[in-house]
Amino acid sequence: ELILAFETSCDETSVAVIESGRQILSNIIATQIKSHQRFGGVVPEVASRHHVEQILHCTDLALTEAQVGYEDLSAIAVTYGPGLVGSLLIGISAAKALAYAHHLPLLPINHLAGHIYAAQLVKPLVYPFMALVVSGGHTELVLVSAPNQFELLGETRDDAAGEAYDKIGRVLGINYPAGKEVDRLAHLGRDTFKFPRAMIDEDNFDFSFSGLKSAFINRVHHASQIGETLAREDLAASFQASVGEVLVTKTMHALAQYPVEQLVIAGGVAANQGLREMMSANLATNFPEIELIVPPLRLCGDNAAMIGAAAQVSLDTGAPAADLTLNADPSLDLVRY
Ligand code: ATP
Ligand code: MG
Ligand code: FE
């Protein structure tokens, strides 16, 4: 079965063709980062306009690269939330028009399910499995008990992990999105600042990163006030050590309580080298029988291949197709999906 998938929830215009939910025939990703960087974040109006300009071209490229035509497709899939409403609507409109024109079922896909099912493009998933979703807007521990059945064990009470990376990165003078560069710097420094590890000993699966962000910013401001120079590498390493330790510790607690065979790390922050290393070392020590699945870098950030992978799960579980009244759902979550 071939699925044509669309992802336009934020600042990447992406179109992919996926075979059987497992094989990527094409995965075109047009990023708009350069247009947003000078504003220090994503500007919704600018994002929507770029999606309009890019989407048909990306669609043509995706079909050409996959060497398939509309007559070969089984369905068209599109992210309908969560994300920026104006951005989501561009993908939804394109998907609706093509599904209508070519008499294909239209599958509405949750962006976070997409991040999780990116792992399916790496390895067949075995239920139940645990997923740590760490992205620009979300930080959640999710037990996936069956196909498309998500149990939210805990989530951040304030900033998302990726958001915290971007905010402290700005203080270090790094362009948006800062995660990748903070990660690189962190590997050149040491955890000398010992920033707080919020909620690490609490008996729940929730997270908090705003205190860490404040501690970081206060430390840097204090230094500049007294004319002290701090090593950026050590600041980055200390921040990353705190984020990683909290994420890994909470994940280990969840694994102790919910027996699974696989752990998936999903979302943009899953690209973090420090987190990957720390998680794999802790898993090897505490749960050597559990398999760690982390998608390759290109599948961690926003892309349509992951939406195609999630769409195959919808097809397999007989989820109903959407009609042309499908609307964007900017604050969609995994539990309502
Ligand atoms: P959501 O998926 O929650 O709707 P989003 O789609 O904007 O939000 P993603 O595209 O999944 O988020 O991830 C982007 C985030 O990942 C950014 O905050 C970015 O800084 C972060 N990120 C990317 N690479 C790394 C890295 N190596 N280390 C840490 N963070 C990273
Ligand atoms: Mg993005
Ligand atoms: Fe995302």
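Residues numbered from 1 in each chain as written. Chains lettered and ligands numbered in written order. Predicted model: local features only at pLDDT ≥ 70, side-chain atom pairs only at ≥ 80, totals over all residues.

Visitor: Could you clarify how one ought to interpret the overall build of the protein in this entry?
Guide: Looking only at helices and strands, the protein has 11 helices and 10 strands in total. A globule of 337 residues ought to have a C-alpha radius of gyration of about 20 Å, and the protein, at 20 Å, matches this closely. (Helix = DSSP H or I, 4+ residues; strand = E, 2+ residues; numbered from the N terminus. Rg over C-alpha atoms; globule rule 2.2 N^0.38 Å.)

Visitor: I would appreciate a short explanation of the sheet that holds strand β1 (residues 2-7) in the present structure.
Guide: Sheet strands pair via backbone hydrogen bonds, and the direction of the pair is either parallel or antiparallel. Read across the sheet, 5 strands follow the order β3-β2-β1-β4-β5 without closing on themselves; strand pairing throughout is mixed. What marks the edges here is a single partner per strand, and that holds for β3 (23-31) and β5 (106-110). Each strand of the sheet is rotated relative to its neighbour by a mean of 20°, with strand direction disregarded. Both β1 and strand β4 (residues 75-81) contribute to a ladder of 4 bridges, which runs parallel. Note that in β4 the partner of Leu4 across the bridge is Ile76. The sheet contacts of helix α3 (residues 85-101) involve β1, β4 and β5, and relative to β4 the element is tilted by about 160°. (Pairing = 2+ DSSP bridges. Axes fitted to C-alpha atoms, helices over the stretch in contact; angles between N-to-C directions. Contact = placed C-beta atoms within 7 Å.)

Visitor: What's the story with the nonpolar core in this structure? I'm lost.
Guide: Soluble, globular proteins show a tendency: their nonpolar side chains are buried together. Judged by nonpolar contacts, the single largest core of 107 residues is most densely connected at Ala5, Ile76, Ala77, Ile116, Ala131 and Ala266. Sorting elements by how many residues they give to this core places helix α8 (residues 232-257) first, with 10 residues. Other than its neighbours up to four places away in sequence, Ala131 contacts Ile116, Val142, Val144, Val264 and Ala266. (Core = buried A, V, L, I, M, F, W, Y, C linked by C-beta atoms within 7 Å. Buried ≥ 20, exposed ≤ 12 C-beta atoms within 10 Å, placed from the backbone.)

Visitor: Could you clarify how one ought to interpret the site of ligand 1 in this entry?
Guide: Among the 25 residues in the neighbourhood of ligand 1, the closest are listed as Gly136, Gly137, Gly162, Gly179 and Gly268. If you list the elements that add at least two residues to the shell around ligand 1, you get α4 (111-117), α5 (161-171) and α6 (179-186). In terms of residue class, the shell around ligand 1 is made up of 7 nonpolar, 14 polar and 4 charged. (Near = placed C-beta within 6 Å. Nonpolar A, V, L, I, M, F, W, Y, C, P; charged D, E, K, R; others polar.)

Visitor: What am I meant to see in the UniProt feature "domain: Gcp-like" (unreviewed entry) in the protein here?
Guide: Within the UniProt annotation, "domain: Gcp-like" (unreviewed entry) is assigned to residues 23-308. The annotated region residues 23-308 carries 48% helix and 17% strand content, and the separation between its end C-alpha atoms amounts to 10 Å. (UniProt positions renumbered as here; feature names shortened; annotations may be inferred.)

Visitor: Any chance you could explain unusual backbone geometry here in plain terms?
Guide: Note the cis peptide between Gly81 and Pro82, where omega equals -10°. Its location among the elements puts Pro82 in the loop between β4 and α3. Here the amide bond leading from Tyr176 into Pro177 is cis, since omega sits at -10°, within 30 degrees of zero. When you line up the elements, Pro177 lands in the loop between α5 and α6. The backbone of His103 sits at a positive phi, close to 55°, despite the residue not being glycine.

Visitor: What is the right way to read helix α2 (residues 44-66) from this model?
Guide: For an α-helix the count is 3.6 residues per turn, leaving residues at separations of three or four pointing the same way. Along its 23 residues, α2 runs 31 Å from first to last C-alpha, staying within 8% of the 33 Å computed at 1.5 Å per residue. The largest bend in α2 comes to about 40°, at Gln54. Along α2, the residues that are buried comprise Ala47, His50, His51, Gln54, Ile55, Cys58, Thr59, Ala62, Leu63 and Ala66. On its buried face, α2 is in contact with β2 (12-19), β3, α1 (33-37) and α3. Downstream of α2 by a residue or two, Gln67 has a phi angle that is positive, lying close to 55°. (Expected span 1.5 Å × (residues − 1). Bend = angle between axes of the 7 residues up to and from the residue.)

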